[in-house]
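Structural description and commentary
One-letter residues, chain by chain:
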Amino acid sequence: MTCVLFRHPSSLEHDMGPHPEQPARITAIERELEACDWAGFTPRESPAATDAQLRAVHPAAHVERIRALAEAGGGPIDGDTRLSRGSWDAARHAAGGAVAMVDALLSGAATRGAAVHRPPGHHCETAVPMGFCLLNNVAVAARHARDAHGVGRVLVLDWDVHHGNGTEEIFAGTDQVLFCSLHEHPLYPGTGRPADRGHGPGAGFTLNLPLPAGSGDPEWTGLVERVVLPVARAYDPGLLLVSAGYDAHRDDPLASCLVTDEGFATMAGSVHRLADELGVPLGLVLEGGYDVAALARSLRRTLETWSGPVPPAPAVVPTPILEAAEGWIERHPPLRP
Ligand SMILES: [Zn+2]
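Residues numbered from 1 in each chain as written. Predicted model: local features only at pLDDT ≥ 70, side-chain atom pairs only at ≥ 80, totals over all residues. Heavy atoms only, no water.

Some thoughts on the overall build of the chain
Our working rule: Strands are runs of DSSP state E lasting at least 2 residues, helices are runs of H or I lasting at least 4, and numbering of each runs from the N terminus. Using C-alpha atoms as the atom set, the radius of gyration is obtained and then compared with a globule rule of 2.2 Å times the number of residues to the power 0.38. Exposed residues in this analysis have more than 50% of their type's maximum accessible area, buried residues have under 20%, and partly exposed residues fall in between, with area computed by a 1.4 Å probe over protein chains only. Whether two residues are in contact is decided by their heavy atoms, any of which lying within 4.5 Å being enough. We score Asp and Glu as negative and Lys and Arg as positive, and we do not count His or the chain ends. For charged residues, the charge sits on one atom: NZ in Lys, CZ in Arg, CG in Asp, CD in Glu.
The helix and strand tally for the chain stands at 10 helices and 10 strands. Taking 2.2 N^0.38 as the reference for a compact globule, 337 residues should give roughly 20 Å; the C-alpha atoms of the chain span a radius of gyration of 18 Å, in line with that estimate. For the chain, the spread of C-alpha atoms along the three principal axes comes to 50 × 45 × 40 Å. Each of the 337 residues in the chain was classed as buried or not, and the buried ones make up 59%. Sequence separation of 24 or more characterises 79% of the internal contacts of the chain that already satisfy a separation of 6 or more. The positive charge centre, built from 26 side chains, and the negative charge centre, built from 41, are 3 Å apart in the chain.

Overview of the packing of aromatic side chains
For clarity, the cut-off: Stacked, tilted and edge-to-face are the three classes applied to pairs of Phe, Tyr and Trp rings, where Trp contributes its six-membered ring and a pair requires centres within 6.5 Å; stacked means planes under 30 degrees apart, edge-to-face means over 60, and tilted covers the rest.
A complete count under the given rule lists five aromatic pairs for this structure. Judged by centre distance (6.4 Å) and plane angle (80°), the rings of Trp159 and Tyr246 are edge-to-face. One end of the pair, Trp159, is in the loop between β6 (154-158) and α6 (165-171); the other, Tyr246, is in the loop between β9 (239-244) and α8 (261-278), and 87 residues separate them in sequence. Using a relative accessible area of 0% as the deciding quantity, one classes Trp159 as buried. Relative accessible area serves as the criterion here: at 1%, Tyr246 is assigned to the buried category.

Section: the coordination of the zinc ion
Rules: For Na, K and Ca the donor cut-off is 3.2 Å; for every other metal, N, O and S atoms count as donors within 2.8 Å. Water does not enter the count, which can leave sites looking incomplete. For a four-donor site, all angles between 85 and 135 degrees give tetrahedral; for four or six donors, opposite pairs above 155 degrees with the remaining angles between 65 and 115 give square planar or octahedral; all remaining cases count as irregular.
The protein atoms that coordinate the zinc ion are Asp160 (OD), Asp160 (OD), His162 (ND1) and Asp247 (OD), at distances spanning 2.0 to 2.7 Å. Relative to the metal, the four donor atoms surrounding the zinc ion lie at angles of 53 to 155°, and the coordination shape comes out irregular. Within one chain, the residues serving as donors to the zinc ion are arranged as D-x1-H-x84-D. You can call Asp160 buried: its relative accessible area is 1%. His162 sits in the buried class, given a relative accessible area of 7%.

Looking at helix α10 (residues 320-331)
Condition: By this rule the span expected of a helix is its residue count minus one, scaled by 1.5 Å.
The terminal C-alpha atoms of α10, which comprises 12 residues, lie 17 Å apart, in line with the 16 Å expected from a rise of 1.5 Å per residue. Listing the buried residues of α10 in full gives Leu322, Ala325, Gly327, Trp328 and Ile329. Close packing links the buried residues of α10 with β8 (206-211) and α7 (217-235).

Description of helix α5 (residues 137-149)
If you check α5, its first and last C-alpha atoms are 17 Å apart, about what 13 residues at 1.5 Å a residue would give, namely 18 Å. Taken together, the buried positions of α5 are occupied by Asn137, Val138, Ala139, Val140, Ala141, Ala142, Arg143, His144 and Ala145.

As for the pairing of strand β3 (residues 74-78)
Keep this limit in mind: Here, any two strands with at least 2 DSSP bridges between them count as paired.
In this sheet, strand β4 (residues 81-84) lies alongside β3 in antiparallel orientation, the contact comprising four bridges. Each residue of the ladder has a partner; that of Gly74, found in β4, is Ser84. Connecting β3 to the antiparallel partner β4 that follows it, the hairpin turn spans two residues.

Observations regarding the sheet that holds strand β1 (residues 3-7)
The line we're drawing: Under this scheme, a helix contributes an axis fitted over its contacting stretch, all axes are lines through C-alpha atoms, and angles between N-to-C directions fall in the 0 to 180 degree range.
With respect to topology, eight strands assemble into an open sheet ordered β2-β1-β5-β10-β9-β6-β7-β8, the strand pairing being parallel. Both edges of this open sheet fall to β2 (42-45) and β8, since each of them pairs with a single strand only. In this sheet, adjacent strand axes meet at a mean angle of 15° when their direction is disregarded. Two elements, β1 and strand β5 (residues 112-115), share four bridges in a ladder whose sense is parallel. Bridged to Leu5 within β5 is Ala114. Of the strands in this sheet, β6, β7 (177-184) and β8 are in contact with α7, which crosses β7 at around 170°.

With respect to the nonpolar core
The criterion, for reference: By nonpolar core we mean a set of buried residues, namely Ala, Val, Leu, Ile, Met, Phe, Trp, Tyr and Cys, connected to one another through side-chain atoms within 4.5 Å.
Counting residues in each nonpolar core, the largest one holds 60 residues, and the members touching the most others are Trp159, Leu182, Trp220, Tyr246 and Leu303. If you tally residues by element for this core, the top one is α7, at nine residues. If you look at the next biggest cluster of nonpolar residues, it comprises 40 residues, including Phe6, Ile77, Ala95 and Leu241.

Looking at the UniProt feature "domain: Histone deacetylase" (unreviewed entry) in the chain
Under the convention used in this document: UniProt positions are given in the numbering used here, feature names are shortened, and annotations may be inferred rather than shown by experiment.
Mapped onto this numbering, the UniProt entry annotates "domain: Histone deacetylase" (unreviewed entry) at residues 19-304. Segment residues 19-304 splits into 41% helix and 16% strand. End C-alpha atoms: 29 Å apart.

Have a look at this one:
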């Protein structure tokens, strides 16, 4: 595997004050990765996203609002999201790093990629920044795969513990992106019901897999292996992207799931095997994760898995959640456009 990791020092300059989405998340990750030679990845400095790349997802007024508020010194966006003077630079490099990762993956320069920045992106809708997110990094990357590389089908798997409402909203009307989300429910932002499956040409190309509080490795890894993988094989994407949050970790202060470091490594192994089977590249865009030690360790385990040999299929423990999801898939067979 040729593995590249995009990062940028501006990720430390977005400062919301005392807040779980803090610069220390990146500091902890980079300290952890430096100690293991970047887990087999080659670190590279991220470029800023261009206005054209951002405007393929967000209207000009949205982009200008973020830029202007940061340049004015910052201020609140909503009850739990605010900007500082460095936020615009951080946000455009977070999106630009995801775009550069897609370029590396689709040019053949790399087979596994990671874009490790803050702020995260998956709550940001077309025109609504929210939930610690200013620009939707993974959505900008997926659109870039289509616009710059002609990839007609991108699968976005979102394993952040919160529903990726922004990514869902952006792609709900298209079959060019299959959005698949595992999330604790009920939990912020409250969306992500199985009945929400997309609309128009996108009908059937959104897959929401809610899990109750207390779900751990058996539930999360079983859903990825037994539900996400078959759906992905049917869709046959040209690129796999993971919106990788680590807040389903049992140590995370913002949610109530019980995933371990090993559980994240198992999910990473499943998508690593999937990418290998399909012969397509695989990239990660960092989302949440608020226990900084658990975040750093679990991301390290993900990257070490991806830079290593493809593992065999994991043992799957039957759970009521998995049984229900498999029943749902039987009634709503996976689609290919
Ligand atoms: Zn989250």
